[in-house]
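Chains, contacts and geometry: an overview
Chain residues, written in single-letter form:
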Amino acid sequence: MKTYFRATDPYPLEASDWNKLHGFYDALAAGRLVSTRCDGCGHVAWPPRGFCPECASDRYTWVDLPAEGRIHGFTVQHAGLPAGFTGARVFAIVKVDTHRIFSVIIDADPSTVSIGQRVTLAPIRVDDDPKGNARWLPAFRPA
Amino acid sequence: MRKVALVGAGVSKFGVRKATYRDLIWEAGKACFDSVPGVRPKDLDGLVVGSVMPERTAFQSHISSLAAEALGIRPSTLSARTEHMCASGTVGIRYAYAFIAAGLADLVMVLGVEKLNQPQGEEAILNMGTGVDREWEAAFGLTAPPCFALAAQRHMAEYGTTEQHFGLVGVKNHTHASKNPNAHFQKGATLDQVLGSRMIASPLRLFMCSPITDGAAAVIVASEERARALTDRPVWIRGTGQALDGFQLTSLHEDYAHWPALKRAGEAAYRMAGLEPKDVDVAEVHDCFAIAEIIAYEELGFCKKGEGGAFVEAGRSDYGGDVVVNPRGGLMGCGHPLGATGVAQAAEVWAQLRGEAGARQVPDAAVGVTHNNSGMGEHVVMIYGRE
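Residues numbered from 1 in each chain as written. Chains lettered and ligands numbered in written order. Predicted model: local features only at pLDDT ≥ 70, side-chain atom pairs only at ≥ 80, totals over all residues. Heavy atoms only, no water.

In this approach the atoms are scanned with a rolling probe the size of a water molecule, which exposes any empty space left behind. Scanning all chains against the criterion turns up three cavities of 30 Å³ or more. For the largest cavity, the calculated volume is near 70 Å³. Residue lining of the largest cavity: 14 residues in total, with Cys38, Arg49, Phe51, Cys52 and Tyr60 of chain A positioned closest to the centre. It is strand β1 (residues 34-38) of chain A that contributes the most residues to the lining of the largest cavity, three residues altogether. Considered class by class, the residues forming the lining of the largest cavity number six nonpolar, four polar and four charged. The volume enclosed by the second largest cavity comes to roughly 40 Å³. Lining the second largest cavity are Trp46, Pro47 and Phe102 of chain A together with Trp136, Glu137, Gln248 and Thr250 of chain B. For the lining of the second largest cavity, the per-class residue count stands at four nonpolar, two polar and one charged. (1 Å grid on protein atoms, 1.4 Å probe; cavity = no way out; pocket = protein on both sides within 12 Å on 5 of 7 lines; lining within 4 Å. Points joined across faces, edges and corners; volume = space filled by probe spheres on them. Helix = DSSP H or I, 4+ residues; strand = E, 2+ residues; numbered from the N terminus. Nonpolar A, V, L, I, M, F, W, Y, C, P; charged D, E, K, R; others polar.)

To continue, consider the interface of chain B and chain A. Every contact between the two is made by 35 residues of chain B and, on the other side, 38 residues of chain A. Between chain B and chain A lies a buried interface of about 3100 Å² when both sides are counted; carbon and sulfur atoms form 59% of it. On inspection of chain B and its partner chain A, the count reaches one salt bridge. Salt-bridge contacts for Glu254 of chain B lead to Lys95 of chain A; the nearest nitrogen and oxygen are separated by 3.0 Å. (Contact = heavy atoms within 4.5 Å. Buried area = accessible area lost by both parts, 1.4 Å probe. Salt bridge = Lys/Arg side-chain N within 4 Å of Asp/Glu carboxyl O.)

In this section: the side chain of Glu114 of chain B. Residue and element names in this part refer to chain B. Positionally, Glu114 belongs in strand β4 (residues 107-114). A polar side-chain atom of Glu114 sits 2.9 Å from the main-chain amide nitrogen of Val52. Ignoring sequence-local partners within four residues, the contact set of Glu114 consists of Tyr21, Leu24, Ser51, Val52, Met53, Pro54, Thr213, Asp214, Gly215, Pro337, Leu338 and Gly339. (Polar contact = N/O pair within 3.5 Å; in protein donor to acceptor, adjacent residues only side chain to side chain.)

It is worth spelling out the layout of surface pockets at this point. Residue and element names in this part refer to chain B. Each pocket or cavity is described by its volume, and for the largest pocket that value is around 980 Å³. Elements with a minimum of two residues in the lining of the largest pocket: α5 (121-128) and α6 (144-159). Classifying every residue of the lining of the largest pocket by side-chain character gives 26 nonpolar, 14 polar and four charged. Per-domain counts for the lining of the largest pocket show at least three residues from each of domain 1 (4-119 + 213-236) and domain 2 (141-209 + 238-385). (Domains from an automatic or database assignment.)

Among the 10 residues in helix α11 (residues 290-299) of chain B, 10 count as buried, and that is most of the element. Three or more residues of α11 of chain B are buried, namely Ala290, Ile291, Ala292, Glu293, Ile294, Ile295, Ala296, Tyr297, Glu298 and Glu299 of chain B. (Buried < 20%, exposed > 50% of the residue type's maximum accessible area, 1.4 Å probe, protein only.)

Here we take up the domain arrangement of chain B. Residue and element names in this part refer to chain B. Segmentation of chain B into domains returns domain 1 (4-119 + 213-236) and domain 2 (141-209 + 238-385). Summarising the inter-unit geometry, the C-alpha centres of domain 1 and domain 2 are found 23 Å apart. Residue-level contacts link 44 residues of domain 1 with 39 residues of domain 2. Buried area between domain 1 and domain 2, both sides added, is near 3200 Å², and the carbon and sulfur share of it is 64%. One salt bridge connects Glu356 with Arg233, and the closest N-O pair in it is separated by 2.9 Å. Between the two partners, domain 1 and domain 2, sit 14 residue pairs in polar contact (both at pLDDT 80 or more). Listed by contribution, the elements that provide at least two residues to the side of domain 1 that touches domain 2 are β1 (4-11), α4 (88-101), β4, β7 (215-223) and β8 (235-244). In terms of residue count, α4 provides more of the side of domain 1 that touches domain 2 than any other element does, seven residues in total. Tallied by class, the residues present in the side of domain 1 that touches domain 2 amount to 25 nonpolar, 14 polar and five charged.

Okay, the environment of Arg59 of chain A next. Residues and elements named next belong to chain A. On the secondary structure map, Arg59 appears in the loop between β1 and β2 (60-64). Remark: the alpha-carbon pair of Arg59 and Arg49, spanning 10 residues in sequence, is separated by 9.8 Å. With near-sequence residues (within four places) excluded, Arg59 lies in contact with Arg37, Cys38, Asp39 and Gly40.

Residue and element names in this part refer to chain B. Here helix α3 (residues 63-71) has its buried residues at Ile63, Ser64, Leu66, Ala67, Ala68 and Leu71. On its buried face, α3 is in contact with α1 (21-35), β2 (46-50), α2 (54-57), β3 (78-82) and β4. One or two residues past the end of α3 sits Gly72, with phi positive at roughly 80°.

Turning next to the pattern of salt bridges. Residues and elements named next belong to chain B. In this structure the tally under the stated criterion is 30 salt bridges over all chains. Here Lys263 ties to Glu267 by a salt bridge, and the two come within 3.5 Å at their closest N and O atoms. Of this pair, Lys263 and Glu267 both sit in helix α10 (residues 260-273), four residues apart, which is roughly one turn of the helix. Residue Glu348 is joined to Arg360 by a salt bridge in which the shortest nitrogen-to-oxygen separation is 2.8 Å. Of this pair, Glu348 sits in helix α14 (residues 339-353) while Arg360 sits in the loop between α14 and β11 (367-373), and the two are 12 residues apart along the sequence. Judged by relative accessible area, which is 4%, Glu348 ranks as buried. Residues joined in a network through salt bridges with shared partners are Asp232, Arg233, Arg354 and Glu356.

Here it is, written out as structure tokens:
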């Protein structure tokens, strides 16, 4: 019997063939956290964006963000995760410079995670895209 | 603008249904037409369908036309689908309201429908990830529970709200649902059961969360002239407001215990209706998670900011209190078939303001509010009043 796929790939298409903001993922693969600074008004966005909400410019320059931050808030999800994800999973808002970044905390015992805790960027490699390109997500781990 | 009223309403049984997407449309449509004896499908001139993810769950788009054909409605003024995640139903009611108030339509059905359960349960949850930002949130496995858990934690830290407060919301709404034959859950729940249920996302436990539910609901919205010809008890739309703070979690107010968009949406609706929070007899609020109901008490003005936990603990949101919140059982007790929820809330208020809510009737209910949200930063509020 043929089994049909009813769910799709949960990860974004990150490669340059598919994504104009692929520079973010290129840097992430090299261990750097970058975002877009608007060439019009200098606004640094998180997450990266191809259009500035402050001045409506679509020109930007990649800038490095600190690779370290502090946990602003977190929750541990134990059950009810989507297909392909398992608990316990620590979801967190990480404050990096003035930016709030949504991410997950890896390599940590969930019971030891705390608000204010220092964390560092820990890019995680997820499944390759259907064309075989590597894909990365910006996770964090305790410093 | 013309006055606009609800003249009919009906809901399907909510639950894990042995039914297709179209079966659910038929059930709600049948119940709704049965509620207005003088109206046949071909008498309607418009249809709006609130539905979030039939592309994922039924591999089906082109929803309004599908539903029109299923029910025998022949739209001549308005045919549309609304998708605004969990608020899709109420957003649909606002469209019908605006068209009728402007004189562009006279008699419009708003139907909400969702067939969320799938042969593989994890897929149903994966589908819920379409409601948050795919690239920056859902790719990490985020769905709704952690978002609201973050709000719950902030509320506890800032205002001393407790797990017991969240539990009491669960007990109240499950108890209310036990009197609603269309609810997903009808067994009620004790505080021990709620506080002993398994942890989903700290501090929210299973009985503090709404389930994955199939269901549909429909209302018929009419111009004043048509309403008066069809019923002696129209339920008037008196106010409406919608406001958004942002989409991504990190775009919202930095302190998730505060939902400014809900406050603004409520204030807009109260202003339009010329009413105040103390005038509200019955409220259907979006208790997707217990924390959401507690914050809704505060932002809708039923109590002061930070006092939502004490409000439920004192029984002020239950029968005999200040305002009966979620008499049909809320999203926790009835389940949350996304697009159907806002329409089912309106159907409950319609029944309450007509004195037809049976065992759930709020005595002498004259003013009702519905609150539907899509995430913590996007809110829609409607105010209804009887004659």
